[in-house]
Amino acid sequence: KNEVEQSPQNLTAQEGEFITINCSYSVGISALHWLQQHPGGGIVSLFMLSSGKKKHGRLIATINIQEKHSSLHITASHPRDSAVYICAVPPPGGGSQGNLIFGKGTKLSVKP
Amino acid sequence: NAGVTQTPKFQVLKTGQSMTLQCAQDMNHNSMYWYRQDPGMGLRLIYYSASEGTTDKGEVPNGYNVSRLNKREFSLRLESAAPSQTSVYFCASSEGGGMGSSYNEQFFGPGTRLTVL
């Protein structure tokens, strides 16, 4: 089983701060996903990345395949960024059916 | 496009009752998934279906059955509900199938909050 560890579990920030959420996994992978779960419960996919870095608006995701580690950064954080951020990776063997293993999530709260 | 829809949104059952959670997607996706989400735990895969007519067990299949009725619909059945099945259930879909499937984005339904008394 691919173990997925996220840190921190909870994070409180002031509006405007730069935020970093970390994800480590135990087994080499081909792709890593970052998802966002809104306070109302809905889950949306933010990024899928297999190498390097991706940027979407104020969100930046990086991955280091050799170190089995990924980070999600939020620049100029805003209260609307408050959510749970979830990292997910394929199981050992690659997840040929598309199934993923999910971390427990990082709950972010951004105060105005 | 509605994306992934789930019914019902909320349900309360008594121990031993049965029910079916419905899920449908309109994105012509091959793969569909059922997850449960419990406090302090990550999403856990119950069952998945890589294509119409096929289903496979995930991490926590006990107490559940599934049916991939057609390409659009994937239902989850609790035959005899237990309090341990109190959870939030999410259905998801992706293009799926074959090598490289782990690259595919998953699209989630809004969830069903189930309480078993």
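Here the structure is a predicted model, which means the values were calculated and not measured.

Time to look at the overall build of chain B. The number of helices and strands found in chain B is zero helices and 11 strands. Listed by position from the N terminus, the elements making up chain B come as β-β-β-β-β-β-β-β-β-β-β. For 117 residues, the compact-globule estimate of 2.2 N^0.38 gives 13 Å, and chain B sits close to it at 14 Å. Projected onto the principal axes, the alpha-carbon positions of chain B cover approximately 40 × 25 × 25 Å. Here chain B holds 117 residues, and 49% of them are scored as buried. Long-range pairs, those at least 24 residues apart, make up 57% of the contacts in chain B with a sequence separation of at least 6. For chain B, the accessible area works out to roughly 5400 Å², and carbon and sulfur atoms hold 49% of it. Each charge sign in chain B was given a centre, from 10 positive and 9 negative side chains, and these centres are 8 Å apart.

Proximity of charged atoms lets side chains of opposite charge pair with each other. Within the structure shown, the criterion is met by four salt bridges over all chains. Residue Asp81 of chain A pairs with Arg58 of chain A through a salt bridge whose shortest N-O separation is 2.9 Å. With Asp81 of chain A in the loop between β8 (69-74) and β9 (83-89) and Arg58 of chain A in the loop between β6 (52-56) and β7 (59-64), this residue pair connects regions lying 23 residues apart in the sequence. Asp81 of chain A sits in the buried class, given a relative accessible area of 6%. Its relative accessible area of 24% is what places Arg58 of chain A among the partly exposed residues. In this structure, Arg44 of chain B engages Asp38 of chain B in a salt bridge whose closest nitrogen and oxygen atoms are separated by 2.8 Å. For the pair Arg44 of chain B and Asp38 of chain B, a shared accessibility class is recorded, and that class is buried. Salt bridges sharing common partners tie together Arg36, Asp38 and Arg44 of chain B.

Cut-offs used in this document
Residues numbered from 1 in each chain as written. Chains lettered and ligands numbered in written order. Predicted model: local features only at pLDDT ≥ 70, side-chain atom pairs only at ≥ 80, totals over all residues. Heavy atoms only, no water. Helix = DSSP H or I, 4+ residues; strand = E, 2+ residues; numbered from the N terminus. Rg over C-alpha atoms; globule rule 2.2 N^0.38 Å. Buried < 20%, exposed > 50% of the residue type's maximum accessible area, 1.4 Å probe, protein only. Contact = heavy atoms within 4.5 Å. Areas by Shrake-Rupley, 256 points an atom, 1.4 Å probe, with all protein chains shown as cover. Lys, Arg positive; Asp, Glu negative; His and termini not counted. Charge placed at Lys NZ, Arg CZ, Asp CG, Glu CD. Salt bridge = Lys/Arg side-chain N within 4 Å of Asp/Glu carboxyl O.

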